[in-house]
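# Examination of the molecular architecture
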Amino acid sequence: MPRSAPGSSTAGHPGPRRDPVPPLVPLPAPATTAATLLLNATYEPLCVVSSRRAIVLVLAAKAESVDVAPDVVHAETVSLPVPVVARLTRYVRVPYPASVPLSRRAVFTRDAQTCVYCGGTATSIDHVVPRSRGGTHTWDNVVAACRRCNHTKADRSLAELGWKLPHPPRTPTGAAWRLLGARTVDPRWREWLGVPESVSA
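These remarks concern the structure in this document. (Residues numbered from 1 in each chain as written. Predicted model: local features only at pLDDT ≥ 70, side-chain atom pairs only at ≥ 80, totals over all residues. Heavy atoms only, no water.)

## Concerning the environment of I125
For the record, the criterion: Secondary structure elements follow DSSP: runs of H or I of four or more residues count as helices, runs of E of two or more count as strands, with numbering from the N terminus. Here a residue-residue contact requires only that any non-hydrogen atoms of the pair lie within 4.5 Å.
Assignment of secondary structure puts I125 in strand 5 (residues 124–127). Sequence-wise, I125 and R105 are 20 residues apart; in three dimensions their C-alpha atoms are separated by 9.5 Å. Setting aside residues no more than four positions away along its own chain, I125 makes contact with R104, V107, F108, H137, V142, V143, A144, A145 and N150.

Dropping the structure here:
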């Protein structure tokens, strides 16, 4: 089993990448999941790493597999199912950013890919207070909307249309949301991220 480099201070931490990569472990096949959700020792979502990186962490005993894919990588003396979710064996304290990045995908995730105006499938985002009227591009003014509602609303206010929001849009909180702002959700991660089933992979 590979060992960490002598004197390394990164034991238990997914980076920087100083762990020796086992030369006999091939890259996962194209059918294998390209990414692995990495949990802290407390099972809190920490980050997303490549499947290859997750394999190295497991082989180095810095992480353990929590959920695996059907695919298996083979070395001369070991066969390892590719981790879909892995957990660090030691707790890592990570300073998270103060706010969750605002992105189209993150808005869709927060609003469960549902138009906040009619309940249909969301295909775009809308500014509740139109930007032409001073509305800001912030979490409390951006919602998911379908094309029809977005076109109908245009640059008018909700009061002019007689529309009401089911609930005020808010900034999502928690480590999981910081991961979801920039990537697609693997359905096998939902249990650990606490995202709704309606969010597509």
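## Structural notes on the pattern of salt bridges
As a reminder, the rule being used: What makes a salt bridge here is a side-chain nitrogen of Lys or Arg within 4 Å of a carboxyl oxygen of Asp or Glu, nothing more.
This model, assessed by the stated rule, comprises five salt bridges. For K153, the salt bridge goes to D126, with nearest N and O atoms at 3.2 Å. A residue pair is termed long-range when its members are at least 10 positions apart, and K153 in helix 3 (residues 147–153) and D126 in strand 5 qualify at 27 residues.

## Some words on the packing of aromatic side chains
Note the cut-off: Classification of ring pairs rests on two measures: the distance between centres of Phe, Tyr or Trp rings, Trp counted by its six-membered ring, which must be within 6.5 Å, and the angle between planes, read as stacked under 30 degrees, edge-to-face over 60 and tilted in between.
Evaluated as defined, the whole model comprises two aromatic pairs. Seen from their ring centres, Y117 and W163 are 5.1 Å apart, and the 45° between their planes marks the pair as tilted. Taken together, the residues Y117 in the loop between helix 2 (104–110) and strand 5 and W163 in the loop between helix 4 (158–161) and helix 5 (175–180) connect sequence positions 46 residues apart.

## Quick word on the pairing of strand 4 (residues 79–88)
Applicable threshold: Note on exposure labels: buried denotes an accessible area under 20% of the residue type's maximum, exposed denotes more than 50%, and partly exposed covers the range between, all computed with a 1.4 Å probe on protein chains only. Note on pairing: DSSP must find at least two bridges between two strands before they are called paired.
Among the ten residues of strand 4, eight are classified as buried, and the element is accordingly described as predominantly covered. When strand 1 (residues 35–39) meets strand 4, the two strands line up parallel, connected through three bridges. The partner of L37 across the bridge, within strand 4, is V85. Sheet topology note: the strand 3 (residues 63–74)/strand 4 ladder contains eight bridges and is antiparallel. Along strand 4, the bridge assignment pairs D67 with V85.

## Describing helix 1 (residues 51–59)
Of all the nine residues making up helix 1, eight are buried; the element is thus mostly covered by neighbouring parts of the structure. Here helix 1 has its buried residues at S51, R53, A54, I55, V56, L57, V58 and L59. Buried-residue contacts for helix 1 involve strand 1, strand 2 (45–50), strand 3 and strand 4. One or two residues past the end of helix 1 sits A61, with phi positive at roughly 60°.

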